[in-house]
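# Observations on the model geometry
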There are 2 protein chains.
Amino acid sequence: MNIISYPSRAEWADLLQRPVLPKGDIEARVQSILDAVREGGDEALLTLARQFDKFDGESLEISRTRIEASEELLAETLKKAIRQAGDNIRKFHETQRQPVEKIETVPGVTCWRKSVGIEKVGIYIPGGSAPLFSTVLMLAIPAQLAGCKEIILCTPSDHPAILYSAKITGVTRIFRIGGAQAIAALAYGTETIPRVYKIFGPGNQFVTNAKLMVAREGVAIDMPAGPSEVAIWADESAVPSFIAADLLSQAEHGPDSQVILVSTSREVISEVAAALSTQLEALPRKDIAHRAIGNSKAFLVDNGQDALDLINAYAPEHLILSIENAESVSEKVINAGSVFLGNYTPESCGDYASGTNHTLPTNGHARAYSGVSLDSFTKKITFQHITPAGLQLLGPTVEAMAEAETLTAHKRAVSIRLSTLN
Amino acid sequence: MNIISYPSRAEWADLLQRPVLPKGDIEARVQSILDAVREGGDEALLTLARQFDKFDGESLEISRTRIEASEELLAETLKKAIRQAGDNIRKFHETQRQPVEKIETVPGVTCWRKSVGIEKVGIYIPGGSAPLFSTVLMLAIPAQLAGCKEIILCTPSDHPAILYSAKITGVTRIFRIGGAQAIAALAYGTETIPRVYKIFGPGNQFVTNAKLMVAREGVAIDMPAGPSEVAIWADESAVPSFIAADLLSQAEHGPDSQVILVSTSREVISEVAAALSTQLEALPRKDIAHRAIGNSKAFLVDNGQDALDLINAYAPEHLILSIENAESVSEKVINAGSVFLGNYTPESCGDYASGTNHTLPTNGHARAYSGVSLDSFTKKITFQHITPAGLQLLGPTVEAMAEAETLTAHKRAVSIRLSTLN
């Protein structure tokens, strides 16, 4: 790890800069895929699937029979784990429901707000080396709780763990399609794939660019994506080998993963660095992790306030507080996606099974964005009802303001009603 | 109004299509403004302000003295109206607070979620013919309630009603700058204007394009914008002159405003159309309203289910239910920004003073987006704490899932801890 001792606050911004990914011609390539699918529908999709995903079937939809059969292809231990994780995710996301509360702001003027599930949502799950079935749970469970009527899953993978996770979380239909073409299909719809109103899920640069590009056309997306990252604040109460393991669990995601350690103790940093070297050697993904660790930084800072301010300035996706006073410090965290307190709370528990969502804002977006939650799958509609007496109380206020904004018709919509009441 | 009788469901999509605005070269022009401000800072801003907004001062910031003095320039009636509206908006948005609820998903595994105000937010208020001080209330009040530390207002107008509204709602600083250059200043920061993490507010095509363009770069925005719109469902219990007044209050916003009437009664539609013609003539903004009404449509439908389905398919920003069973129908509304029930609840009450927010999803975005609320000014951070006993219960689940996803380091972050406990 690159150890930075006592950086001045003026240096923070530069030191905390995320790597900027080269854009190249990716937008133009994604645009041509979006256009092809919008215009060519299923036929274009099939051509692209054969070209990019070695697809050799006729129908992109994975049949109900195939989905049901996934159950028999998985070990009981894994199925049990998936179900337990699902139960915990369900429990935590259920606490996010907001009851309807009607309030009278003025006597006779009643206002309320109701959460309504987004009718049609799309979930993208990438293929690649690992079947990310945990992300199916993280997205489909809140969609199901929100009451979304159609939950459409697109993925180039047909791994049984993905199918099984989809099956137990109410996913409506699954299509075997990947990349920017999957995002195009969800955004525009084709003859067989329904158009959805909001698209969720991780992916490579083609996928994340396609999401941003359809978002500009009005399709909602979960959030802008970036490489995964963790910041860990460790003091003398931390166990260096645990911290090293947590840093590596982030580093194995990819060579562009961001890993940051903050401490007021030079000794803690050295011990973590030593443990890191040892553990790194034993990892199957050590090449990837090694490159990520190469970009990582350990900050030695003067005091707790500096550590806290540096973390809030960085706005990490994941924050681990391995410090004695983790609970009181956690109250002061302003910018972070998800926070893990204490020595026995590794990030991987939140990644899989404790109940919190693992789709979180990266790249400093935690300054303004929240992670995925039940909210992400609902719209909140406001309602109001005004009685004639209520309008008599409120109306003059509206008339005065509308007149000052020179919106006469707005004023008259009130006046014409008041005139029948006097 | 253009009356469409008993359209088939197959025709709905075409009939409900919003007008597509020509894009032209606006993106390129906005891009050059964004670049100029990012590179040139205050100097570029001053040049643009002189060019576009006839600005002739030296400092873009409106002084505290000037803001304080706004109070003396306004009539007491208007100030009282602004304060009453502010109180109602505050009351309604306060009900949107979500208390922190800690839950144990597994014994020893505690998860919770906390709303934290976005530290720095920007509000844009356009200049133009009318001083939109009501939008200051609608954006600054929830920002203040959310605990945003810096609330930066940019506007080309220095109308005292805007300054007064900003003063009583905790706006931190006000800069007299408009257009895409204001959005650039808020997104990138300049020597005097602080960079913010999220930008809110309406504007012309330059402003709304600039917002979408900085959003692609990672600055959060409230929502994509479009022309304002209302759909009204009226039955025999409606008062045609009230409905006509409501349609006109939307139509006066601009020639591209969308106005839709739905009814099962041909007579209601005729009566509304007649009242509309009469009232239109008396409006100061009759030219604008006349053009908007020219694009508007009245749908005569077979039955209540068709009316409801048509409205949900349209996904209006505002929906007025002037029908006998408004309350029970309102339960079935899936896609709308804000809903107004009954004969004495004109949309203009929600536009100004009842307490609900008037920044709402247009252009069909109500299918996936909510209006602005307290949520819009907060991020929700999740937290978790796991005891050693909790990790012993949850750990094996995480290990099984991480192994199946071939993320060995994720698994080991758990195993290394469990090994110290056995």
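Residues numbered from 1 in each chain as written. Chains lettered and ligands numbered in written order. Predicted model: local features only at pLDDT ≥ 70, side-chain atom pairs only at ≥ 80, totals over all residues. Heavy atoms only, no water.

Rotating chain A by 180° about the axis while translating it 0.0 Å along that axis superimposes it on chain B, leaving an RMSD of 0.0 Å. The two molecules are tied by a two-fold rotation axis, judged by turn and shift. Comparing contact sets, 100% of the residues at the interface of chain A also lie at the interface in chain B, consistent with an isologous, same-surface contact. (Least-squares fit on C-alpha atoms with pLDDT ≥ 70 in both. Contact = heavy atoms within 4.5 Å.)

On to the sheet that holds strand β5 (residues 150-154) of chain B. Residues and elements named next belong to chain B. Pairing is parallel in the open sheet, where 5 strands are placed in the order β6-β5-β4-β7-β8. At either end of the open sheet lies a strand with only one pairing partner, and these are β6 (173-175) and β8 (220-221). Taken together, the 5 bridges between strand β4 (residues 120-124) and β5 define a ladder with parallel strand orientation. Within β5, the position partnered with V121 by the bridge is I151. Contacts from helix α7 (residues 179-188) reach β4, β5 and β7 (198-200) within the one sheet, and its direction differs from that of β4 by about 175°. (Pairing = 2+ DSSP bridges. Helix = DSSP H or I, 4+ residues; strand = E, 2+ residues; numbered from the N terminus. Axes fitted to C-alpha atoms, helices over the stretch in contact; angles between N-to-C directions.)

The next point concerns the packing of helix α4 (residues 76-94) of chain A against helix α6 (residues 160-167) of chain A. All names here are of chain A. At a closest axis distance of 11 Å, the pairing of α4 and α6 adopts a crossing angle of 40°. Comparing the axis directions of α4 and α6 gives the class oblique. Handedness of the α4/α6 crossing: right-handed. Contact with α4, carried on its side by L78, K79, I82 and R83, involves A161, Y164 and S165 of α6 and no other residues of that element. (Parallel < 35°, antiparallel > 145°, perpendicular 65-115°, else oblique. Left-handed = near helix turned anticlockwise from the far one by under 90°.)

Moving on, we come to the interface of chain A and chain B. Facing the 125 residues of chain A at the interface are 125 residues of chain B. When chain A packs against chain B, close to 10800 Å² is buried across both sides, 58% of that on carbon and sulfur atoms. Three residues, R216, Y344 and R417 of chain A, lead the burial of chain A against chain B; their summed loss comes to 8% of the area buried on that side. On inspection of chain A and its partner chain B, the count reaches 10 salt bridges. Close ionic contact of R417 of chain B with D246 of chain A constitutes a salt bridge, the shortest N to O distance being 2.6 Å. Counting every contact that joins chain A to chain B gives 76 residue pairs in polar contact (both at pLDDT 80 or more). A total of 10 residues in the side of chain A that touches chain B trace back to one element, the largest contributor, which is helix α15 (residues 388-404) of chain A. (Buried area = accessible area lost by both parts, 1.4 Å probe. Salt bridge = Lys/Arg side-chain N within 4 Å of Asp/Glu carboxyl O. Polar contact = N/O pair within 3.5 Å; in protein donor to acceptor, adjacent residues only side chain to side chain.)

Turning to the nonpolar core, a few remarks are in order. In summary, soluble globular proteins display a tendency toward joint burial of nonpolar side chains. Core analysis: the largest hydrophobic core is formed by 122 residues, its most contacted members being F377 of chain A together with F377 of chain B. Beyond its immediate chain neighbours, meaning those up to four positions away, F377 of chain B contacts V116, G117, I118, V121, L139, P142, A143, A146, C148, F200 and V372 of chain B. (Core = buried A, V, L, I, M, F, W, Y, C linked by side-chain atoms within 4.5 Å. Buried < 20%, exposed > 50% of the residue type's maximum accessible area, 1.4 Å probe, protein only.)

What follows deals with the packing of aromatic side chains. Residue and element names in this part refer to chain A. One pass over the full model with this rule turns up 6 aromatic pairs over all chains. Measuring from ring centre to ring centre gives 5.6 Å for W112 and F383, while their planes differ by 10°; the resulting arrangement is stacked. Pair noted here: W112 is in strand β3 (residues 109-117) and F383 is in strand β14 (residues 378-386), with a separation of 271 residues, a long-range link. Here W112 matches F383 in class, with each residue buried. An angle of 15° between the planes, with centres 4.0 Å apart, marks the rings of F200 and F377 as stacked. You can see F200 sitting in strand β7 (residues 198-200) and its partner F377 sitting in the loop between α14 (347-352) and β14, a full 177 residues away along the chain. Judged by its relative accessible area of 0%, F377 falls in the buried class. For the cation-ring pair, K102 lies above W112, with the distance from its terminal atom to the ring centre recorded as 4.1 Å. (Phe/Tyr/Trp six-rings, centres within 6.5 Å; stacked < 30°, edge-to-face > 60°. Lys NZ or Arg CZ within 6 Å of the ring centre and 35° of its normal.)

Residues and elements named next belong to chain A. Tracing the backbone through its elements, the reader meets Q305 in helix α12 (residues 304-314). Since its relative accessible area comes to 47%, Q305 is described here as partly exposed. Each C-alpha atom, one on Q305 and one on L74, is 49 Å from the other, the two residues being 231 residues apart in sequence.

Residues and elements named next belong to chain A. Looking at chain A, the domain boundaries give domain 1 (26-102 + 118-223), domain 2 (226-370) and domain 3 (387-421). Distance from the C-alpha centre of domain 1 to the C-alpha centre of domain 2: 29 Å. Listed by partner, the interface residues are 14 residues for domain 1 and 15 residues for domain 2. Summed over both sides, the interface of domain 1 with domain 2 buries roughly 1100 Å², with 61% coming from carbon and sulfur. When the area that domain 1 buries against domain 2 is broken down by residue, the three leading residues are S134, M138 and M223, summing to 50%. Applying the counting criterion to the domain 1 and domain 2 interface returns 0 salt bridges. Taken together, domain 1 and domain 2 are joined by 5 residue pairs in polar contact (both at pLDDT 80 or more). For the side of domain 1 that touches domain 2, the elements supplying multiple residues, two or more each, are α4 and α5 (133-146). (Domains from an automatic or database assignment.)

What follows is about helix α11 (residues 286-294) of chain A. Residues and elements named next belong to chain A. Considered for burial, the residues of α11 that qualify are A289, A292 and I293. Down the axis of α11, the buried side of the element spans an arc of 100°, and every buried residue falls inside it. Of the residues in α11, the exposed ones pointing more than 90 degrees away from the buried face are D287, H290, R291 and G294. Buried residues along α11 sit against α9 (240-251), β10 (258-263) and α10 (266-281). (Arc of directions from axis to C-beta.)

If you walk across this open sheet you meet the 9 strands as β2(A)-β3(A)-β14(A)-β13(B)-β12(B)-β9(B)-β10(B)-β11(B)-β1(B), and the pairing is mixed. Here the strands that pair on one side only, and so sit at the sheet edges, are β2 (103-106) of chain A together with β1 (2-5) of chain B. Adjacent strand axes in the sheet meet at a mean angle of 20° when their direction is disregarded. Sheet topology note: the β3 of chain A/β14 of chain A ladder contains 9 bridges and is antiparallel.

Moving on: the pattern of salt bridges. If you walk through the whole model with that rule in mind, you get 48 salt bridges over all chains. The salt bridge involving K167 of chain A is made with E71 of chain A; its shortest N-O contact spans 2.4 Å. Of this pair, K167 of chain A sits in helix α6 while E71 of chain A is found in the loop between α3 (64-69) and α4, placing the two residues 96 residues apart along the sequence. With relative accessibility at 25%, the residue K167 of chain A sits in the partly exposed group. With a shortest N-O distance of 2.5 Å, E403 of chain A and K411 of chain A are connected by a salt bridge. Sharing partners across several salt bridges, the network here consists of R113, D375 and K380 of chain A together with R113, D375 and K380 of chain B.

A word on the packing of α7 of chain B against helix α8 (residues 205-216) of chain B. Residues and elements named next belong to chain B. Interhelical geometry of α7 versus α8 gives an angle of 25° and a closest axis separation of 7 Å. Here α7 is positioned roughly parallel relative to α8, judged by the angle of their axes. Of the two possible hands of crossing, α7 and α8 adopt the one that is right-handed. Two secondary-structure elements touch here, α7 through G179, A180, I183, A187 and Y188 and α8 through F206, V207, A210, K211 and V214. Taken together, the residues of the contact of α7 with α8 sort by class into 8 nonpolar, 1 polar and 1 charged. (Nonpolar A, V, L, I, M, F, W, Y, C, P; charged D, E, K, R; others polar.)

Here we take up the environment of T192 of chain B. All names here are of chain B. If you trace the backbone, T192 turns up in the loop between α7 and β7. On the accessibility criterion, T192 (35% relative accessible area) is partly exposed. Sequence separation of T192 and A292 is 100 residues, and the distance between their C-alpha atoms is 41 Å. Once you skip the residues sitting within four places of it in the chain, T192 turns out to touch D42, R173 and F175. There is a polar contact of 3.1 Å between the side chain of T192 and the side chain of D42.

Before going further, it helps to examine unusual backbone geometry. Residues and elements named next belong to chain B. Phi angles above zero are rare outside glycine, and Y6 is one such case at about 45°. Relative to the helices and strands, Y6 resides in the loop between β1 and α1 (9-15). Here Y6 falls in the partly exposed class, since its relative accessible area comes to 42%. Despite not being glycine, A315 shows a phi value in the positive range, around 60°. Position of A315 relative to the elements: it lies in the loop between α12 (304-314) and β12 (318-322).

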